[in-house]
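# Secondary and tertiary structure notes
Here is what each chain is made of, one letter per residue.
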Number of protein chains: 2
Amino acid sequence: MTITHPPKPGTALWLYAHPRRGSLNEHLFRSGTEALSARYEVMTSDLHAQEFDPVLSNRDLGEPTDKPGNIVELAGEAYSRGQLPADVREEQAKLAAAELLIVQFPLWWYGPPAILKGWFDRVLTNGFAYGDLDPELGVPRRYGDGGLIGRRALIVVTAGEDARSIGPRGISGDLESLLFPLIHGTLWYVGIETLDLHVVYDADGLDPAAVDLEAQRLQDRLRTIDTEPVRRFRRLRDGDYQETRALRGDLLPGRTDLGIHLADHG
Amino acid sequence: MTITHPPKPGTALWLYAHPRRGSLNEHLFRSGTEALSARYEVMTSDLHAQEFDPVLSNRDLGEPTDKPGNIVELAGEAYSRGQLPADVREEQAKLAAAELLIVQFPLWWYGPPAILKGWFDRVLTNGFAYGDLDPELGVPRRYGDGGLIGRRALIVVTAGEDARSIGPRGISGDLESLLFPLIHGTLWYVGIETLDLHVVYDADGLDPAAVDLEAQRLQDRLRTIDTEPVRRFRRLRDGDYQETRALRGDLLPGRTDLGIHLADHG
């Protein structure tokens, strides 16, 4: 059985994870959803407003909750039985319908806030987002395949640091690598292709005029994202990974950086 | 004013983030804390048992909560006024006392579970873990300096994948890079040095005998961690970063992988 959730054309989900009214992030959220609504039916998941619980726990497992076993597998079984909690089922329904996903958050400790991390922990269950085998490879469909193929995502992230500190040789690590677990390990894993990051640097020090400019820059970008190229990672199915595990020795020999997983090396 | 929390010698904090009784992780937690107790006074933070709330929100800001401003800065002000919530203050007190930190978690979506990510979001506040200026550099003390220097940490992580899939050229990215936001961006940022990762691979498929072996392997390692060398990153104070932002052009020219931040390049 193939896990598949064909998205509804013209539908978008804006996943938003900032707690503060009046923040730069709220400004971007309001103006961004408004701009996107001109061309998409926009659903929102305002995680703080919803008081979304990000903790994957026994409450996610249906009955009985004391069954022994791995929690990730048990959550998948609860999905199959229709026993996931209502809040998770609602988020899955929104994600299943959306062909475009916007993921917006402030960079905290060089990653997504807990409330957003936990959205992925709880919503992308086995059976819903991944878990079936590739009939030819005999391994799970993942990395460019999976339950949520046919979707694109834009990550909108605000950072307190400047472009150099989180650039390619920046002291804090480059943002593309810092977010690899989200871009590649989460979204690409379940089949969702991503666009170039939309980053607001020096986000803590912007005056009102600069905030308006950033809102405008985001709106401008949203107007043309349908024609933007996606980031091209190697697909598991392409055969670039030996035994589906590690990059073949003849490809980019000696390199160990995360960039080796991009497919654009000619 | 220098932020400083001299640890209490012989004191350890075991930070544990797995929800399931009877799990491999619980087994490692029980046997690990037992082994460590032979030589340390071991405090524990069992985040699921404590029902730790990982969501940084207005509740972390003291009174008044509707004050405008950046939430991370406002949480720092609440710390200075002694107005952080009681659960955060308890965790800070434990961390301030510990000279050894164990961070144990299952790898979910290639990062820490939300409940652990949120522990860092809420506990490592401005004013407590970082925030004062280096008097010579004129920039915040961080990366090898900061409020929590004088501590070492061991990360114990269980992963469903094998060593090749999350190894140096693994399809999922190498674990060292996947955890860079924790190892470097969080722990090293506030001055905490880390030991080599303690990884349990193929963690979902271990039979009881293999679980016992893994518990033994962890206990064996804990017996000698006092003499283990730490991972050596470049310190901000070493002058390797131009304008304290990006690695100097004459150091490892052309390289952009996260390994450039290690200090062991000779």
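Structure: see above.
About the thresholds
- Residues numbered from 1 in each chain as written.
- Chains lettered and ligands numbered in written order.
- Predicted model: local features only at pLDDT ≥ 70, side-chain atom pairs only at ≥ 80, totals over all residues.
- Heavy atoms only, no water.
- Contact = heavy atoms within 4.5 Å.
- Buried area = accessible area lost by both parts, 1.4 Å probe.
- Salt bridge = Lys/Arg side-chain N within 4 Å of Asp/Glu carboxyl O.
- Polar contact = N/O pair within 3.5 Å; in protein donor to acceptor, adjacent residues only side chain to side chain.
- Helix = DSSP H or I, 4+ residues; strand = E, 2+ residues; numbered from the N terminus.
- Nonpolar A, V, L, I, M, F, W, Y, C, P; charged D, E, K, R; others polar.
- Buried < 20%, exposed > 50% of the residue type's maximum accessible area, 1.4 Å probe, protein only.

### Topic: the interface of chain A and chain B
- Contacts between the two partners involve 75 residues from chain A, matched on the other side by 75 residues from chain B.
- With both chains or domains summed, chain A and chain B bury close to 5,500 Å², and 55% of this area falls on carbon and sulfur atoms.
- The three residues of chain A that bury the most area against chain B are A:Trp109, A:Arg169 and A:Ile171, which together make up 20% of that side's buried surface.
- In this assembly, chain A and chain B are joined by 6 salt bridges.
- Between A:Arg164 and B:Glu243 there is a salt bridge, with the nearest N and O atoms lying 3.0 Å from each other.
- Counting every contact that joins chain A to chain B gives 38 residue pairs in polar contact (both at pLDDT 80 or more).
- Counting residues per element, the side of chain A that touches chain B draws most heavily on helix α4 (residues 114–123) of chain A, at 6 residues.
- Residue classes in the side of chain A that touches chain B are distributed as 36 nonpolar, 22 polar and 17 charged.

### Examining the pattern of salt bridges
- Enumeration over the complete set of coordinates arrives at 51 salt bridges over all chains.
- Between A:Glu26 and A:Arg21 there is a salt bridge; the shortest N-O distance is 3.7 Å.
- With a shortest N-O distance of 2.6 Å, A:Lys117 and A:Asp121 are connected by a salt bridge. Within this pair, A:Lys117 and its partner A:Asp121 are both found in helix α4, separated by 4 residues, close to a single helical turn. With respect to burial, A:Lys117 and A:Asp121 carry one shared label: buried.
- Residues participating in the shared-partner salt-bridge network are A:Asp162, A:Arg164, B:Glu243 and B:Arg245.

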